[in-house]
Amino acid sequence: MDIADSPAHGDVTEDVNSENSLPHPRPAPAEQPYLPEGVPSTSGPLESSRSDAESLLDPTANEATASPSRPRSRAELYAIVSQVGEGTFGKVYKARNTVTNMHVALKRIRMESEKDGFPVTAMREIKLLQSLRHKNVIRLFEMMVSSGSVYMVFEYMDHDLTGILSQTQFNFTDAHLKSLCWQMLAGLAYLHHKGVIHRDIKGSNILVNNRGELKLADFGLARFYQKRRRSDYTNRVITLWYRPPELLFGATVYGPEVDMWSAGCIMLELFTKKPVFQGNDEISQLDVIYRVIGTPTHERWADAANMPWYELVKPKDHVPNHFKELFKKWMSPAALDLAERLLDYDPSRRATAVQAMEASYFIQEQPTAEQPIGLATLEGEWHELETKRERAKKRKKE
Ligand code: AMP
């Protein structure tokens, strides 16, 4: 299957309707490996016998018994080590390449609930990732088909930000946090330069490896946008806690600024170790934001009154801005200043990724950024899934 040829997704001329529907579903992929450009094909056509799939999917399979000789099929090439995530379209596994011994992440694309063939979100993610190559964006090595299941094969990352911030063994210094923040912004600057809005920036979609490298992942909601002409998109994107005010006010015309609000939330979370705006629904989400940064006034966001849901969601009472007094115990003045520029109500005034990278927090203020390479000494791997499991275990004990 040549996904790049699909009429379905990622096209810069998409309109709002094509966001939610796949107009011409294609049949399930043929059993040929799809390789992103530049990735050499190392084996012949795929076999997809039942035993291949079983060996691939059996998490209890003894890794050590995997044949060191050349595997017969692509599926046999990987031995599952453990499950590390539960994504939008299926489970994510850590697996070992039995030839190179390198680890990869296998993301299984759930096909069962799809009436119309290949899932549209997966199609979009593949097409987008195919066009991206940056050290702060997750690398898709290849696609693999086994027994009717399609897998995306990614470079493996030891942790995600939600997981790594919840552990207490390794203490991040201010220089480490600066590096993580910088790497996130560098990834976003690249995406926005390539005309891609991520639309789901949050802790579990930001991956970190033991070398202290950070990479943006999960492009299931991402899309290309028109740089010169603003189009209409859905506003039901971005996980609630990281969703910017303009989307909560019903905006359907928006750009990469939506990612920058989420980046501001992540920056605060790096310091406080917890998501800062935890609402239960759209209205309470806005209330939580109001209580921290105050209510939007005409001076702060002149266009607010023109937003589609303004009358429904506008603040009832005036609340002053408490941002600096709430966060100054965690953050330096330059860090506070940058976070505040990312969390600007007015999307047209919100710092872009490039502007954020030029902030005095990075350019002038000490300490300079330092990649957290010491993570290699950390015991275990920290993904959101493990963090959730640990929490559930603790709750049971109590
Ligand atoms: P996703 O469907 O991309 O949101 O992935 C769900 C979860 O799986 C993420 O929150 C990560 O914890 C984990 N995960 C995704 N991709 C990778 C990867 N390349 N390496 C390691 N873990 C990953």
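Structure shown above.
What you see is a predicted model, and the numbers here were worked out from it, not measured in a lab. (Residues numbered from 1 in each chain as written. Predicted model: local features only at pLDDT ≥ 70, side-chain atom pairs only at ≥ 80, totals over all residues. Heavy atoms only, no water.)

Caption draft 1: The arrangement of the site of the ligand in detail. Lining the immediate surroundings of the ligand are 18 residues, of which K107, E155, D160, S204 and D218 lie closest. K107 has a polar side-chain atom sitting 2.7 Å from an oxygen atom of the ligand. Residue assignment for the shell around the ligand shows that the elements contributing at least two residues are strand 1 (78-86), strand 3 (103-109) and strand 5 (149-155). Taken together, the residues of the shell around the ligand sort by class into eight nonpolar, six polar and four charged. (Near = heavy atom within 4 Å. Polar contact = N/O pair within 3.5 Å; in protein donor to acceptor, adjacent residues only side chain to side chain. Helix = DSSP H or I, 4+ residues; strand = E, 2+ residues; numbered from the N terminus. Nonpolar A, V, L, I, M, F, W, Y, C, P; charged D, E, K, R; others polar.)

Caption draft 2: Representation of the packing of aromatic side chains. Applying the stated criterion to the full structure yields 10 aromatic pairs. Geometrically, the ring pair formed by F249 and W301 is edge-to-face, given 5.0 Å between the ring centres and 65° between the ring planes. Of this pair, F249 sits in the loop between helix 7 (245-248) and helix 8 (257-272) while W301 sits in the loop between helix 9 (282-293) and helix 10 (310-313), and the two are 52 residues apart along the sequence. Across the pair, exposure class does not vary: F249 and W301 are buried alike. Seen in terms of ring centroids, F327 and W330 are 6.1 Å apart; in terms of plane orientation they differ by 40°. Their pairing is tilted. (Phe/Tyr/Trp six-rings, centres within 6.5 Å; stacked < 30°, edge-to-face > 60°. Buried < 20%, exposed > 50% of the residue type's maximum accessible area, 1.4 Å probe, protein only.)

Caption draft 3: Spotlight on helix 8. Look at helix 8: 23 Å from first C-alpha to last across 16 residues, which is about the 22 Å you get at 1.5 Å a residue. Among the 16 residues that make up helix 8, 16 are buried, leaving the element largely enclosed by the rest of the structure. (Expected span 1.5 Å × (residues − 1).)

Caption draft 4: Quick peek at the pattern of salt bridges. On inspection of all chains with the given rule, the structure shows 10 salt bridges. Among the ionic pairs, R350 bridges to E246, the shortest N-O distance being 2.8 Å. Placement of R350 in the loop between helix 12 (333-342) and helix 13 (353-357) and of E246 in helix 7 is noted, with a sequence separation of 104 residues between them. A residue is classified by how much of its surface remains accessible, and R350, at 3% relative accessible area, is buried. Ionic contacts of the salt-bridge type, sharing partners, join the residues K107, E125 and D218 into one network. (Salt bridge = Lys/Arg side-chain N within 4 Å of Asp/Glu carboxyl O.)

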